[in-house]
Amino acid sequence: MGLGVTSRRSAALERLERMLGRILRAGVLLAAALLVAGLALWLVDAERTASHRLLHGGLFALMATPVLRVIVSVVGFARQGDRFFTLVALAVLGVLGVTAWAAVLRL
Amino acid sequence: MDVLHVALVVAGGVVAGGIGALLGIGGGVFLVPLLTLGIGLPFREAVAISLLSVIATSSMVTAATAGRGLINVRLGMVLEIATTLGGLTGGLTALTLSHGTLATLFGAVTALIAMVMLYQRNELVAVFAETADPGWLGGRFDSRDRGRLVTYRVRRLPVALGMSFVAGNVSGLLGLGGGILKVPVLNAWCGVPMRVAAATSALMIGVTAVATVPIYYANGDVVPHLAAGAVLGVLAGSRAGVWVSARAPAKRLKLLMAAVLVAVAVLMFAGG
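Trainee: Where do I start with the overall build of chain A in this structure?
Mentor: When you go through chain A residue by residue, the secondary structure sums to three helices and zero strands. Seen in sequence order, chain A has helices and strands lined up from the N terminus as α-α-α. Sorting the 107 residues of chain A into buried and exposed places 41% on the buried side. A separation of at least 24 residues holds for 49% of the contacts in chain A among residues at least 6 apart in sequence.

Structure follows, in structure tokens:
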């Protein structure tokens, strides 16, 4: 296994990393915008219905960012033909799914 | 009163986010004591808020350190199986424990970690030449301490997995990022360089928190305006933290982490 193969793998991994970074940043900015709007509204809104909707929306967007990140990893590993790590990432997604399911059950 | 609470929470978030980003530990170790001892929130509400701010820190730090060869995505993904299972378990278990029990547990865990950190302080990781094979989980990175590109290998994966599961439980029960446990273990026992361990851990704690927080959400433990305040404060604080951490040498990071933990443990034992 020559250095050529390894550095190609590293370059591909780095591209994956940078895409993850961009997605995370976008998600967090969206969440922050919703939270700022929600909080600002909360300070003036007596009823608190609209502001709560914005706040919960922002929090959901925030919670989505790591999930999105795992999904992107699944796609990234699959594209590289790395079956083992694709399965690993899918397993992580599976556990997150179980948590969501457990939460829904309690509701 | 409500507005004052939000202001306090924002300030706490800034501090927690700053130090969290600097050390790659998610900041929950500050935020939970502040919320329970400082503002008097019930433990579960504080944990829920802390978990959400951990997600914020995690995503911000990861976005900032991505593409620099510091995050070991493969190692992170493997360990995340263990941490997410731990988070799920911890989150469900927390439903059965009382405020007092959790506060004591918090102090105990923090004290234990502080001791581990102080004991492990001065270890530089064994690295190999740039052209060496990193194995299926290791990697290469530009070591500032050594001034060149080095290769590292991951050792004792079972230890890393076991500790990741424990860290996940800690996260689910106490609202800590869990990176507090992972980073020292990865660095001292598993051969991962400090900066890589911190960056990879910062990535992992977000996923771990998402494996737990839905349970708290469903249980009604999320106070939206306080959570929003904490998250926004943490986002502001972690920006500053990332800027500083790029300029701090690895050894001083460990010292700072140990000092922080000792202070927190004392506080939680005294007030919990």
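Here the narrative resumes.
Trainee: Please clarify how the overall build of chain B should be interpreted in this entry.
Mentor: When you go through chain B residue by residue, the secondary structure sums to 11 helices and two strands. Going from the N terminus to the C terminus, chain B shows its helices and strands as α-α-α-α-α-β-β-α-α-α-α-α-α. Computed over its C-alpha atoms, the radius of gyration of chain B comes to 17 Å, within 12% of the 19 Å expected for a compact globule of 272 residues. Projecting the C-alpha coordinates of chain B onto the three principal axes gives extents of approximately 60 × 35 × 30 Å. In chain B, the share of contacts with a sequence separation of at least 24, taken over all contacts with a separation of at least 6, comes to 79%. If you average the places of the 18 positive and of the 9 negative side-chain charges in chain B, the two averages end up 9 Å apart.

Trainee: It is not clear to me how the interface of chain A and chain B should be interpreted in this structure. Could you clarify?
Mentor: Interfaces are often sized by the accessible area lost when the parts come together. Contact with chain A, which involves 48 residues of that partner, is made by 53 residues of chain B. Of the roughly 4,400 Å² buried between chain A and chain B on both sides combined, carbon and sulfur atoms contribute 77%. Taken together, chain A and chain B are joined by two salt bridges. The tally of links between chain A and chain B comes to six residue pairs in polar contact (both at pLDDT 80 or more). Broken down by secondary-structure element, the contributors of at least two residues to the side of chain A that touches chain B are α1 (3-44), α2 (49-79) and α3 (83-106) of chain A. With 18 residues, the single largest contributor to the side of chain A that touches chain B is α1 of chain A. Each residue belonging to the side of chain A that touches chain B can be placed in one class, and the counts come to 30 nonpolar, nine polar and nine charged.

Trainee: Help me out: how do you make sense of the packing of aromatic side chains in this one?
Mentor: All chains considered together, the criterion is met by six aromatic pairs over all chains. On the basis of an interplanar angle of 75 degrees and a centroid distance of 6.3 Å, the ring pair of F43 of chain B and F106 of chain B is categorised as edge-to-face. Here the residue F43 of chain B occupies a position in helix α3 (residues 43-65), and F106 of chain B occupies one in helix α5 (residues 99-120), the gap between them amounting to 63 residues. Its relative accessible area of 2% is what places F43 of chain B among the buried residues. On the accessibility criterion, F106 of chain B (0% relative accessible area) is buried. Here the aromatic cluster, defined as three or more aromatic residues joined through ring pairs, consists of F77, F84 and F85 of chain A together with W136 of chain B.

Trainee: Any chance you could explain the packing of helix α6 (residues 157-174) of chain B against helix α7 (residues 179-188) of chain B here in plain terms?
Mentor: When two helices pack together, their arrangement is captured by the angle between the axes and the distance separating the axes. Residue and element names in this part refer to chain B. Interhelical geometry of α6 versus α7 gives an angle of 165 degrees and a closest axis separation of 8 Å. By the criterion of interaxial angle, the relationship of α6 to α7 is roughly antiparallel. Of the two possible hands of crossing, α6 and α7 adopt the one that is right-handed. Here α6 contributes V159, A160, M163, S164, V166, A167 and V170 to the contact with α7, which in turn contributes L181, K182, V185 and L186. For the contact of α6 with α7, the residue count by class is nine nonpolar, one polar and one charged.

Parameters and conventions
- Residues numbered from 1 in each chain as written.
- Chains lettered and ligands numbered in written order.
- Predicted model: local features only at pLDDT ≥ 70, side-chain atom pairs only at ≥ 80, totals over all residues.
- Heavy atoms only, no water.
- Helix = DSSP H or I, 4+ residues; strand = E, 2+ residues; numbered from the N terminus.
- Buried < 20%, exposed > 50% of the residue type's maximum accessible area, 1.4 Å probe, protein only.
- Contact = heavy atoms within 4.5 Å.
- Rg over C-alpha atoms; globule rule 2.2 N^0.38 Å.
- Lys, Arg positive; Asp, Glu negative; His and termini not counted.
- Charge placed at Lys NZ, Arg CZ, Asp CG, Glu CD.
- Buried area = accessible area lost by both parts, 1.4 Å probe.
- Salt bridge = Lys/Arg side-chain N within 4 Å of Asp/Glu carboxyl O.
- Polar contact = N/O pair within 3.5 Å; in protein donor to acceptor, adjacent residues only side chain to side chain.
- Nonpolar A, V, L, I, M, F, W, Y, C, P; charged D, E, K, R; others polar.
- Phe/Tyr/Trp six-rings, centres within 6.5 Å; stacked < 30°, edge-to-face > 60°.
- Axes fitted to C-alpha atoms, helices over the stretch in contact; angles between N-to-C directions.
- Parallel < 35°, antiparallel > 145°, perpendicular 65-115°, else oblique.
- Left-handed = near helix turned anticlockwise from the far one by under 90°.

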